[in-house]
Amino acid sequence: MRDGGDAVIEALLQEIRARMEPIGVSVLEARISHLAYSSEIAGAMLRKQAASAVVAARRMIVRGAVSIVEDALDELDRKKLADALDPERKAAMISNLLVVLVGDREVTPVINTGTLYS
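What counts and what doesn't
- Residues numbered from 1 in each chain as written.
- Predicted model: local features only at pLDDT ≥ 70, side-chain atom pairs only at ≥ 80, totals over all residues.
- Heavy atoms only, no water.
- Helix = DSSP H or I, 4+ residues; strand = E, 2+ residues; numbered from the N terminus.
- Rg over C-alpha atoms; globule rule 2.2 N^0.38 Å.
- Contact = heavy atoms within 4.5 Å.
- Areas by Shrake-Rupley, 256 points an atom, 1.4 Å probe, with all protein chains shown as cover.
- Lys, Arg positive; Asp, Glu negative; His and termini not counted.
- Charge placed at Lys NZ, Arg CZ, Asp CG, Glu CD.
- Expected span 1.5 Å × (residues − 1).
- Buried < 20%, exposed > 50% of the residue type's maximum accessible area, 1.4 Å probe, protein only.
- Axes fitted to C-alpha atoms, helices over the stretch in contact; angles between N-to-C directions.
- Parallel < 35°, antiparallel > 145°, perpendicular 65-115°, else oblique.
- Left-handed = near helix turned anticlockwise from the far one by under 90°.
- Nonpolar A, V, L, I, M, F, W, Y, C, P; charged D, E, K, R; others polar.
- pLDDT = per-residue confidence, 0-100.
- Patch = residues over 30% accessible without salt bridge, like charges linked within 9 Å, V, L, I, M, F, W, Y side chains within 5 Å.
- Salt bridge = Lys/Arg side-chain N within 4 Å of Asp/Glu carboxyl O.

Colleague: Explain the overall build of the protein chain to me, please; I cannot follow it from the model alone.
Modeller: In terms of regular secondary structure, the protein chain is built from three helices and zero strands. If you list the helices and strands of the protein chain from N to C, you get α-α-α. A compact globule built from 118 residues would reach a C-alpha radius of gyration of about 13 Å, whereas the protein chain, at 31 Å, exceeds it by more than 25%. With the C-alpha coordinates aligned to their principal axes, the bounding extent of the protein chain is approximately 95 × 25 × 20 Å. Across the protein chain, contacts joining residues at least 24 apart in sequence account for 51% of those joining residues at least 6 apart. Accessible surface for the protein chain amounts to roughly 10200 Å². Of this, 59% is attributable to carbon and sulfur atoms. Separation of charge centres in the protein chain, based on 15 positive and 17 negative side chains, amounts to 2 Å.

Colleague: Help me understand helix H2 (residues 39-78), please; the structure alone is not making it clear to me.
Modeller: Note that an α-helix has 3.6 residues per turn; residues three or four places apart therefore point the same way. When the terminal C-alpha atoms of H2 are compared, their 58 Å separation across 40 residues agrees well with the 58 Å that a helix rising 1.5 Å per residue should span. Within the sequence span of H2, burial applies to Ala65, Val69, Leu73 and Leu76. In this fold, the buried residues of H2 make contact with helix H3 (87-102). One or two positions beyond H2, positive phi appears at Lys80, with a value near 60°.

Colleague: Even after reading the chapter, I still don't get unusual backbone geometry, so can you show me in this structure?
Modeller: Here the phi dihedral of Lys80 falls at roughly 60°; this positive angle occurs in a residue that is not glycine. Mapped onto the fold, Lys80 is located in the loop between H2 and H3.

Colleague: Hey, could you run me through the environment of Val99 in this one?
Modeller: Relative to the helices and strands, Val99 is located in helix H3. Given the relative accessible area of 57%, Val99 is considered exposed. Sequence separation of Val99 and Ala65 is 34 residues, and the distance between their C-alpha atoms is 9.1 Å.

Colleague: Got a minute to help me understand the packing of H2 against H3 in this structure?
Modeller: Helix packing for two helices is described by the angle between their axes and how far apart those axes are. The contact between H2 and H3 brings their axes to 9 Å, and the two run at 140°. Classified by the interaxial angle, the pair formed by H2 and H3 is oblique. The way H2 lies across H3 gives a crossing that is right-handed. Two secondary-structure elements touch here, H2 through Arg58, Ile61, Val62, Ala65, Val66, Ile68, Val69, Ala72, Leu73 and Leu76 and H3 through Lys90, Met93, Ile94, Leu97, Leu98, Leu101 and Val102. Counted by class, the contact of H2 with H3 contains 15 nonpolar, no polar and two charged residues.

Colleague: Quick question: what am I supposed to make of the confidence of the model for the protein chain here?
Modeller: Where the model shows low pLDDT, its predicted coordinates should not be examined in detail. Looking at the protein chain as a whole, the pLDDT averages 88, with 94% of positions reaching at least 70. Averaged pLDDT values over the elements of the protein chain bottom out at 89 in H3 and peak at 94 in H2.

Colleague: What am I meant to see in a negative patch on the surface here?
Modeller: Taken together, the side chains of Glu70, Asp71, Asp74, Asp77 and Asp83 present a region of like negative charge at the surface. Positionally, Asp71 belongs in helix H2.

This is the structure we're talking about:
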């Protein structure tokens, strides 16, 4: 209805005039005052809108999480603690931080008593 609404209204007016003329009713104007989608289409549109909102929210969460991880790595570098982490441990730390920050459930702490190199 955004594009070509006038054409739809004109077609409606012509159709109503054609149907009313045989019974002697003259129609001067026709308007659409209410337009509703079928329940199936409305439901599908609502699901699509909700899915888009979830995706946008997730993108924002991921951007924030990545920013927090970058800040953590920068802080470790400033305090000269990053040198103690080999690439594998740094990758594990980044992975763990992202899981905690991006996850949508409560975090369950795990105490690692072993080593990554088993």
